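Coordinate analysis (summary)
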Amino acid sequence: MESLAPKEELIADKIYKIRGYKVLLDVDLAGLYGVETKALKQQVRRNIERFPKDFMFELTKEEYLNLRSQIVTSSWGGQRYLPMAFTEQGVAMLSGILRSQIAVQVNIQIMRVFVKMRNLITRYEELLEKVEALEATALDQNEHIIKIYEVIKELIEPAYKNRKPIGYRIKERRERYIAKNR
């Protein structure tokens, strides 16, 4: 059974961020499920009530062109219709209308990838919060260290300014003194 499911890395490479959602495109899902894109879209359109806008949406022409420029090579060939983008919930909903054994295994793998991505984002946010807290503490500590240096400078500098020079004083002019002692 597990051999039917694609590797997680393959699925993760097919996830794009569009309109603030992490989505899989219909053409990629069809490839993963082993069905034609036309058949997948047909099943979705027959069950459109299961796919509200936050589960599935059709890309605009601008989004499609932007996506094609990001991918560089088009694997879609000549499409007459704009692709559909499925969010995590939309992919889960697909499992209710695509009932083949491959579709079940692929859906399980896709859900695992989405969960891993969500966990990574959560860990990243926690790490970011910790770094920000450290920066705030470091700034506070830097201010204390700067104040300590200023106090040390104040303690040292007056001692040098108020001290009398040590040694002998020559009352003669320097040139005369040098000439005399040669």
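Everything here concerns the structure above.
Read on for an overview of the structure. Quantities reported herein were computed from a predicted structural model and do not represent experimental measurements.

Quick notes on the nonpolar core
Within the largest apolar cluster, 22 residues are counted, with the highest numbers of intra-cluster contacts made by L29, Y33, L40, V44, F86, L94 and I110. Looking at this core, the elements that each hand over two or more residues are α2 (26–33), α3 (37–46), β4 (84–86), α5 (88–97) and α6 (101–162). Broken down by element, the residue count for this core peaks at 5 residues, all from α6. Y16, I18, L25 and F57 belong to the second-largest nonpolar core, a separate cluster that totals 9 residues.

Some points on the packing of aromatic side chains
Applying the stated criterion to the full structure yields 2 aromatic pairs. Between Y21 and F57 the ring centres are 5.9 Å apart and the planes differ by 45°, which places this aromatic pair in the tilted class. Here F57 lies in strand β3 (residues 56–58) and Y21 lies in strand β2 (residues 21–25), a separation of 36 residues in the sequence. Judged by relative accessible area, F57 falls into the buried class, the value being 4%. With a centroid separation of 5.9 Å and an interplanar angle of 80°, the aromatic rings of F51 and F86 are classed as edge-to-face. Within this pair, whereas F51 is found in the loop between α3 and β3, its partner F86 is found in strand β4, the two being separated by 35 residues in sequence. The pair formed by F51 and F86 is uniform in burial state, with each residue classed as buried.

A look at the packing of α2 against α3
Where α2 contacts α3, the axes come no closer than 8 Å and their chain directions differ by 110°. The pairing of α2 with α3 is recorded here as roughly perpendicular in orientation. Across from D26, V27, L29, A30 and Y33 in α2, the residues of α3 making contact are T37, L40 and K41. Tallied by class, residues from the contact of α2 with α3 come to 5 nonpolar, 1 polar and 2 charged.

Quick notes on the sheet that holds β2
Taken in spatial order, the 4 strands make up an open sheet running β1-β2-β4-β3, and their pairing is antiparallel. Strand pairing shows two members of the sheet lacking a second neighbour, β1 (15–18) and β3, which therefore form its edges. Strand-to-strand twist in this sheet, taken as the mean axis angle between neighbours without regard to direction, amounts to 45°. Lying on the sheet, α3 is in contact with β3 and β4; it crosses β4 at an angle near 75°. Against the sheet, α5 contacts β2 and β4, and its axis sits at roughly 95° relative to β4.

Describing the environment of K53
Inspection of the secondary structure assignment puts K53 in the loop between α3 and β3. Taking the relative accessible area as the measure of exposure, K53 reaches 70% and is therefore exposed. On a C-alpha basis, the gap between K53 and F86 in space is 9.4 Å, while along the polypeptide they are 33 residues apart.

Re the pairing of β1
Pairing analysis gives 4 bridges linking β1 to β2, with the strands arranged antiparallel. The partner of I18 across the bridge, within β2, is Y21. From the end of β1 to the start of β2, which pair antiparallel, there are 2 residues, and R19 there has a positive phi angle of about 55°.

Some details on the pairing of β2
Across a regular strand the side chains alternate sides, sitting on one face of the sheet and then on the other. Note: β2 against β4, 2 bridges, orientation antiparallel. Its bridge partner being in β4, L24 is matched across the sheet by F86.

Describing the environment of R50
The residue R50 is located in the loop between α3 and β3 in this model. The spatial distance from the C-alpha of R50 to the C-alpha of G90 is 8.3 Å, given a sequence separation of 40 residues. The residues touching R50, leaving out its near neighbours within four places in the chain, are F55, M93, G96 and I97.

Section: the pattern of salt bridges
Taken as a whole, this structure holds 5 salt bridges when the rule is applied. Close ionic contact of E63 with R19 constitutes a salt bridge, the shortest N to O distance being 2.8 Å. Placement of the pair is E63 in helix α4 (residues 61–71) and R19 in the loop between β1 and β2, with a sequence separation of 44 residues. Accessibility expressed as a relative area gives 43% for R19, which makes it partly exposed. Among the salt bridges present, the one from E58 reaches R45, with a minimum N-O distance of 3.3 Å. Of the two residues, E58 sits in strand β3 while R45 sits in helix α3, which places them 13 residues apart along the sequence. The exposure class of E58 is partly exposed, given its relative accessible area of 38%. Residue classification places R45 among the partly exposed positions, given a relative accessible area of 42%.

The rules behind these values
- Residues numbered from 1 in each chain as written.
- Predicted model: local features only at pLDDT ≥ 70, side-chain atom pairs only at ≥ 80, totals over all residues.
- Heavy atoms only, no water.
- Core = buried A, V, L, I, M, F, W, Y, C linked by side-chain atoms within 4.5 Å.
- Buried < 20%, exposed > 50% of the residue type's maximum accessible area, 1.4 Å probe, protein only.
- Helix = DSSP H or I, 4+ residues; strand = E, 2+ residues; numbered from the N terminus.
- Phe/Tyr/Trp six-rings, centres within 6.5 Å; stacked < 30°, edge-to-face > 60°.
- Axes fitted to C-alpha atoms, helices over the stretch in contact; angles between N-to-C directions.
- Parallel < 35°, antiparallel > 145°, perpendicular 65-115°, else oblique.
- Contact = heavy atoms within 4.5 Å.
- Nonpolar A, V, L, I, M, F, W, Y, C, P; charged D, E, K, R; others polar.
- Pairing = 2+ DSSP bridges.
- Salt bridge = Lys/Arg side-chain N within 4 Å of Asp/Glu carboxyl O.

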